[in-house]
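# Survey of secondary and tertiary structure
Listed below, chain by chain, are the residues.
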Amino acid sequence: MERNLLVIGATGKTGRHTTELLLQRGHRVRALVRGLDERAERLAALGADVVEGDVLDLDSLARATKGIDALYFTYPIRPGLMDATANVAQAAEENGVQAIVNMSQVSARRTTASNAARQHWVAERVLDRSTVPVTHIRPTFFAQWLIDTWAEGTGELRLPFADGRHAPIAETDQAKVIAAILEDPAPHAGQIYPLYGAEELNHYEIAEKMSKALDRDVTYVPIELDEFAAILRGRGAPEHLIQHLLAVAVDYRNGVFAGTNDLVKTIGGSEPLDVEGFVAQNRAAFDLPSA
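## Let's talk about the sheet that holds strand E5 (residues 99–103)
Read from one edge to the other, the open sheet built from 7 strands follows the order E3-E2-E1-E4-E5-E6-E9, with strand pairing classed as parallel. In this open sheet, the two edge strands, each paired with only one partner strand, are strand E3 (49–52) and strand E9 (192–195). If you compare each strand with its neighbour and ignore which way they point, the axes differ by 20° on average. For strand E4 (residues 70–73) and E5, the ladder comprises 4 bridges, and the chain directions are parallel. Looking across to E5, one finds that Phe73 is bridged to Asn102. Against the sheet, helix H1 (residues 13–24) makes contact with strand E1 (4–8), strand E2 (28–33), E4 and E5, and its axis sits at roughly 165° relative to E1, the strand it touches most.

Pasting the structure below:
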């Protein structure tokens, strides 16, 4: 059945794939974007109703939610999550939205040292109190992390994760779960779904699989938190994000990001990508130097 669906953050990592998938399945998709850039133009060319707005602006969000059956809400790791969440809840209630899929994170809990992860936990509770049924998804580290932390083609993953483990999950696999819930939200109302990729690995094992997929040596170099903070500041990361990543690094070492389940298959409809498959699909993104 064709539905009217809103994707907030439609040019982001999961938002873009979700928008594209829903359009492929014949739904009417409104894509809320902060700016009309090339990414937004691409979605418009695919058939999305691209609207410019901001979740921190209640009026623009209220306009975007008019006539919408269900929406996907994702917010980046930056200040403003609580205001954005309250605005989404208010706009959805005002306009009779029937369901919300909320992007949270696997480390979201009241006792976490990460300000952002704790805010995600509170944001979940705010949405739970809304009249609109909500489903929270809590993915572990995205497989995209392997691209984002690629050390300028040096072949090193310099990360403060010791020998902790997780199952990297691709954005495309998350999009399959999100799209399936938006299409038929009732069975998922009130649920919290931790999402994992195909296989739980430590970063030594991840480096081995990346080496095979890239046909070059990749080495995991465990580092301490202070070196990681210096790397992040050197990349221009804001302090809110740095505080979060340092805190979740400790969570990671303590097993918070570990685990596996079959939710990508049972809800999304297909087996999740493994590390080798993800790297092979995104080889160009690693920007390898010429041989």
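Moving on from the coordinates now.
## Considerations on helix H9 (residues 225–234)
Residues of H9 that are buried: Phe228, Ala229 and Leu232. Along the axis of H9, the buried positions cluster into a sector of 100°, meaning they face one direction only. For H9, the exposed residues set more than 90 degrees away from the buried face come down to Asp226 and Gly234. Of the surrounding elements, those touching the buried residues of H9 are helix H6 (145–148), strand E7 (156–159) and helix H10 (239–253). Taken from the residues just after H9, Gly236 is the one with a positive phi, measuring 80°.

## A look at the packing of H1 against helix H2 (residues 38–46)
For any two helices packed against each other, one specifies the inter-axial angle together with the distance between the axes. Between H1 and H2, the least distance of the axes is 10 Å, while the angle of their chain directions is 10°. The orientation of H1 with respect to H2, classified from their angle, is roughly parallel. The segment H1 lies against H2, with Arg16, Thr19, Glu20 and Leu23 engaging Arg42, Leu43 and Leu46. In terms of residue class, the contact of H1 with H2 is made up of 3 nonpolar, 1 polar and 3 charged.

## Observations concerning the side chain of Thr140
Residue position: Thr140 is located in the loop between strand E6 (134–139) and H6. According to the relative accessible area criterion, Thr140 is buried, its value standing at 2%. Polar contacts involving the side chain of Thr140 include one to the main-chain carbonyl oxygen of Phe257, which spans 2.9 Å. Filtering out sequence-adjacent residues up to four positions away, Thr140 remains in contact with Val106, His166, Ala167, Ile169, Leu195, Tyr196 and Phe257.

## Considering the pattern of salt bridges
Overall, the coordinates contain 22 salt bridges when judged by the stated rule. The closest approach of N and O atoms between Arg125 and Asp128, which form a salt bridge, is 2.9 Å. Of this pair, Arg125 and Asp128 both sit in helix H5 (residues 115–128), 3 residues apart, which is roughly one turn of that helix. Relative accessible area serves as the criterion here: at 17%, Arg125 is assigned to the buried category. For Asp128, a relative accessible area of 38% puts it in the partly exposed group. We note a salt bridge from Glu156 to Arg158, for which the minimum N-O separation is 3.1 Å.

Rules used in this analysis
Residues numbered from 1 in each chain as written. Predicted model: local features only at pLDDT ≥ 70, side-chain atom pairs only at ≥ 80, totals over all residues. Heavy atoms only, no water. Pairing = 2+ DSSP bridges. Helix = DSSP H or I, 4+ residues; strand = E, 2+ residues; numbered from the N terminus. Axes fitted to C-alpha atoms, helices over the stretch in contact; angles between N-to-C directions. Contact = heavy atoms within 4.5 Å. Buried < 20%, exposed > 50% of the residue type's maximum accessible area, 1.4 Å probe, protein only. Arc of directions from axis to C-beta. Parallel < 35°, antiparallel > 145°, perpendicular 65-115°, else oblique. Nonpolar A, V, L, I, M, F, W, Y, C, P; charged D, E, K, R; others polar. Polar contact = N/O pair within 3.5 Å; in protein donor to acceptor, adjacent residues only side chain to side chain. Salt bridge = Lys/Arg side-chain N within 4 Å of Asp/Glu carboxyl O.

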